[in-house]
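Listed below, chain by chain, are the residues.
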Amino acid sequence: MNTDPACIFCKIIAGEMPATMVAEDEVTIAFMDINPVNEGHLLVVPREHHQSIASIPGSVLSHMALIARWLTAALRASLVRTEGVNLYLADGAAAGQEVPHAHLHVIPRWRGDGIRISVGRPATPTREQLEEMAAQIRAAAID
Ligand SMILES: [Zn+2]
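Definitions and cut-offs
- Residues numbered from 1 in each chain as written.
- Predicted model: local features only at pLDDT ≥ 70, side-chain atom pairs only at ≥ 80, totals over all residues.
- Helix = DSSP H or I, 4+ residues; strand = E, 2+ residues; numbered from the N terminus.
- Buried ≥ 20, exposed ≤ 12 C-beta atoms within 10 Å, placed from the backbone.
- Contact = placed C-beta atoms within 7 Å.
- Pairing = 2+ DSSP bridges.
- Axes fitted to C-alpha atoms, helices over the stretch in contact; angles between N-to-C directions.
- Core = buried A, V, L, I, M, F, W, Y, C linked by C-beta atoms within 7 Å.
- pLDDT = per-residue confidence, 0-100.

### As for the overall build of the protein
The secondary structure content of the protein amounts to three helices and five strands. When the helices and strands of the protein are placed in sequence order, the string is α-β-β-β-α-β-β-α. Across its three principal directions, the C-alpha atoms of the protein cover 50 × 40 × 25 Å. The buried share among the 143 residues of the protein stands at 19%. A separation of at least 24 residues holds for 58% of the contacts in the protein among residues at least 6 apart in sequence.

Put into structure tokens, the structure is as follows:
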């Protein structure tokens, strides 16, 4: 299994760093984020070290999504204030990825919690611009 001895999440998985666990299985661990953006913020982390989702096996990535869904239901049923949930994955430093071990954020939300996901938008594209970008993405897509 891929590991990186310098990686903080690999150290948590190896038991060398503390974390407040919520769930563990053979594929993933889920624990409380120590820098939460909202109360109850969880991270779902694959046991295998992958910096990007690009290298995560599909079965592992699917499992992460299923665990996130299960934790979303748990949050809604819990005493943690949860009127809604954001699932968030930052792939790459430019996207805000702070730990270079791919992970999925599960963030409880409620009306008026003050969190803003979107802070700026480019100008509204024309349909032609959308078609051109879609064609570029399709042309680069790898099966
Ligand atoms: Zn790691």
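### Structural notes on the pairing of strand E1 (residues 21-24)
Alignment of E1 against strand E2 (residues 28-32), held across three bridges, turns out to be antiparallel. Looking across to E2, one finds that methionine 21 is bridged to phenylalanine 31. Counted between consecutive antiparallel strands, the loop separating E1 from E2 contains three residues.

### What to know about the sheet that holds strand E4 (residues 84-88)
Sheet architecture is open: five strands sit in the order E1-E2-E3-E5-E4, paired in antiparallel fashion. Both outer strands of the open sheet, E1 and E4, are each paired with one neighbouring strand and no more. Direction aside, the axes of adjacent strands within the sheet are offset by 15° on average. Inspection of the sheet shows E4 paired to strand E5 (residues 104-109) by five bridges, in the antiparallel sense. Following the sheet pairing, tyrosine 88 is matched in E5 by histidine 105. Across the sheet, helix H2 (residues 58-77) touches E1, E2, strand E3 (42-46), E4 and E5, and the angle it forms with E3 is around 160°.

### Thoughts on the pairing of E5
With three bridges connecting them, E3 and E5 associate as antiparallel partners. Following the sheet pairing, leucine 42 is matched in E5 by valine 106.

### Side note on the nonpolar core
If you look at the biggest cluster of nonpolar residues, it comprises 18 residues, and the most contacted ones within it are Ala30, Leu42, Val44, Ile67, Ala68, Leu71 and Val106. Mapped onto this core, the elements with two or more residues apiece are helix H1 (8-13), E2, E3, H2 and E5. It is H2 that provides the largest number of residues to this core, a total of five residues. Leaving out residues up to four positions away in the same chain, leucine 71 has contacts with Val22, Ala23, Ala30, Leu42, Val44 and Val106.

### Quick notes on the confidence of the model for the protein
This prediction gives the protein a mean pLDDT of 94; 98% of its residues lie at or above 70. The element-level mean pLDDT for the protein is lowest in helix H3 (residues 127-140), coming to 92, with E3 highest at 98.

### With respect to the environment of glycine 96
With respect to the helices, strands and loops of the structure, glycine 96 is situated in the loop between E4 and E5. The exposure class of glycine 96 is exposed, given the 10 C-beta atoms found within 10 Å. Residues glycine 96 and serine 52 lie 44 residues apart in sequence; the distance between their C-alpha atoms is 12 Å.

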